[in-house]
Amino acid sequence: MATAIGDIAPGESVESPSRSVVATETIPFGHKVALVSIADGGDILKYGESIGLARGDIAVGACVHTHNVESQRGRGDRGSAS
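Residues numbered from 1 in each chain as written. Predicted model: local features only at pLDDT ≥ 70, side-chain atom pairs only at ≥ 80, totals over all residues. Heavy atoms only, no water.

**Q** Quick rundown of the sheet that holds strand β5 (residues 43-46)? Include the residues and the values.
**A** The strand order across the open sheet built from 3 strands is β5-β6-β8, with neighbouring strands paired in antiparallel fashion. Across the chains shown, the open sheet's two edge strands, defined by having one partner strand only, are β5 and β8 (69-70). Direction of pairing for β5 relative to strand β6 (residues 49-54): antiparallel, over a ladder of 4 bridges. The residue bridging Lys-46 from the neighbouring strand is Glu-49, located in β6. (Pairing = 2+ DSSP bridges. Helix = DSSP H or I, 4+ residues; strand = E, 2+ residues; numbered from the N terminus.)

See below:
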C-alpha cells in the first residue's frame, strides 16, 4: 500500500518506489491505495506491519480505508497478537 499525499482521481497514475498503478476510484488525501491485490481476509500491511484484515477482495488501485479494512487492534475475541 501507499498513502496518498494528496487527493488522487480515478485513472490517475500512482507511483511508488516499487511499482506504478492506476487509481480505480477517488483516493482522498491520507487514505491508502492498494499496490497489489488483497484477498478477502488478507493482511493489510503498512510499513511491513499488519494494521487489519481486508473485508472483501481489494483490487490494485482501489482505496484502502475503514470501509474495506477490519481493524484487529484490541480484539479480545481474536486471541493474542503474534
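**Q** How would you summarise the pairing of β6 if you had to cite specific residues and measurements?
**A** If you look at the hairpin formed by β5 and β6, you'll find 2 residues sitting between the two strands, and Tyr-47 has a positive phi there, around 55 degrees. Sheet analysis places β6 next to β8, joined by 2 bridges and oriented antiparallel. When the sheet's bridge partners are listed, Leu-53 is paired in β8 with Glu-70.

**Q** Kindly report on unusual backbone geometry, identifying the contributing residues and their values.
**A** With a phi close to 55 degrees, Tyr-47 is a non-glycine residue in the positive phi region. On the secondary structure map, Tyr-47 appears in the loop between β5 and β6. Classification of Tyr-47 by relative accessible area gives exposed; the value is 76%. (Buried < 20%, exposed > 50% of the residue type's maximum accessible area, 1.4 Å probe, protein only.)

**Q** Any chance you could break down the sheet that holds strand β1 (residues 2-3) for me, citing the residues and the numbers?
**A** If you walk across this open sheet you meet the 3 strands as β1-β4-β7, and the pairing is antiparallel. Each end of this open sheet is capped by a strand with a single partner; those strands are β1 and β7 (63-64). Sheet topology note: the strand β4 (residues 32-33)/β7 ladder contains 2 bridges and is antiparallel. Its bridge partner lying in β7, Val-33 is registered against Cys-63.

**Q** Mind laying out the environment of Gly-6, listing which residues take part and the relevant values?
**A** Looking at the secondary structure, you find Gly-6 in the loop between β1 and β2 (13-15). Taking relative accessible area as the criterion, Gly-6 reaches 25% and is therefore assigned partly exposed. The spatial distance from the C-alpha of Gly-6 to the C-alpha of Gly-30 is 7.2 Å, given a sequence separation of 24 residues.

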